[in-house]
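Structural overview
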Amino acid sequence: MSYKPKNFTASATLSASDADTICTVNAAAGLTLTLPDATGSGVRYEVFIGTTVTSNNVIIQVANASDTMAGLVMSAADGGDTLNGWETASTSDTITLNGTTKGGVKGDRYVLVDCADNLWSVNGWSSSTGTEASPFSAAV
């Protein structure tokens, strides 16, 4: 399967036409990408950070209060050869990337799969600086 890139510079709700593409985020001032309802469809979204976040946040969030995320993000820290792993909590529904401590650096990648009713699988690879912190929260 060939993944064609799609450029995002403003907030959007992802749709079927965005599935199985590389959703490249080029928004230094941040944006919000909202996933569709999780129904177990198997639809896959790959989010690639093409421009490092320099103000505000890049946010990837679920569509409603019933949906959650399960998975983890591995993040390379700027201090030496350190790797941090951030797991979701049972209530996680949002990924917040700030360009420093929580990722959002050019080259970061996040894969989200609609794996069950009300559940998104998430795996991510990122870079972070400063006092690194989990990008996951319950905010929807």
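Our subject is the structure that appears above.
In this report, we go over the structure that sits alongside the text.

How each quantity is defined
- Residues numbered from 1 in each chain as written.
- Predicted model: local features only at pLDDT ≥ 70, side-chain atom pairs only at ≥ 80, totals over all residues.
- Heavy atoms only, no water.
- Disulfide = S-S within 2.5 Å.
- Buried < 20%, exposed > 50% of the residue type's maximum accessible area, 1.4 Å probe, protein only.
- Pairing = 2+ DSSP bridges.
- Helix = DSSP H or I, 4+ residues; strand = E, 2+ residues; numbered from the N terminus.
- Axes fitted to C-alpha atoms, helices over the stretch in contact; angles between N-to-C directions.
- Salt bridge = Lys/Arg side-chain N within 4 Å of Asp/Glu carboxyl O.
- Polar contact = N/O pair within 3.5 Å; in protein donor to acceptor, adjacent residues only side chain to side chain.
- Contact = heavy atoms within 4.5 Å.

A few words now on the state of the cysteines. Applying the stated criterion across every chain, the model contains 0 disulfides. The cysteine C23 is free of any disulfide, with C115 supplying the nearest cysteine sulfur at 18 Å. On the basis of relative accessible area, C23 is assigned to the buried category, the value being 0%. Taking relative accessible area as the criterion, C115 reaches 41% and is therefore assigned partly exposed.

Okay, the pairing of strand β7 (residues 68-77) next. Consecutive side chains of a regular strand alternate in pointing toward one face of the sheet and then the other. As judged from the 10 bridges shared by β7 and strand β11 (residues 119-128), these two strands associate in the parallel manner. In the strand pairing of β11, L72 is matched with N123. Once β7 ends, the chain turns through 5 residues before running back antiparallel as strand β8 (residues 83-87), passing G80 with a positive phi of about 75 degrees.

So, on to the sheet that holds β7. Strand order across the open sheet formed by 7 strands is β1-β3-β5-β10-β11-β7-β8, with mixed pairing between neighbours. This sheet does not close on itself; its edge strands, each paired only once, are β1 (4-8) and β8. On average, each strand axis in the sheet is tilted by 20 degrees relative to the strand beside it, whichever way the strands run. Bridge count for β7 against β8 is 5 bridges, and the pairing is antiparallel. Residue pairing across strands places M74 opposite G85, the latter belonging to β8.

For the structure shown, the criterion picks out 3 salt bridges. Residue E46 is joined to R44 by a salt bridge in which the shortest nitrogen-to-oxygen separation is 3.3 Å. Of the two residues examined, E46 and R44, each falls in the buried class. Between R109 and E46 there is a salt bridge, with the nearest N and O atoms lying 3.5 Å from each other. Placement of the pair is R109 in strand β10 (residues 109-116) and E46 in strand β5 (residues 44-49), with a sequence separation of 63 residues.

Okay, the side chain of S128 next. In this structure, S128 sits in strand β11. Among the residues examined, S128 registers a relative accessible area of 2% and is labelled buried. Among the polar contacts made by the side chain of S128, one reaches the side chain of S75 at a distance of 2.7 Å. When sequence neighbours within four positions are dropped, the list of residues in contact with S128 reads S75, A76, A77, D78, T100, T101 and G103.

Considering the arrangement of structural elements, one finds N64 in the loop between β6 (58-61) and β7. Spatially, the C-alpha atom of N64 lies 7.1 Å from that of D37, the residues being 27 residues apart in sequence. At 2.8 Å, the side chain of N64 and the backbone nitrogen of S66 are in polar contact. Engagement of the side chain of N64 in a polar contact is seen with the backbone nitrogen of D67, the distance being 3.0 Å.

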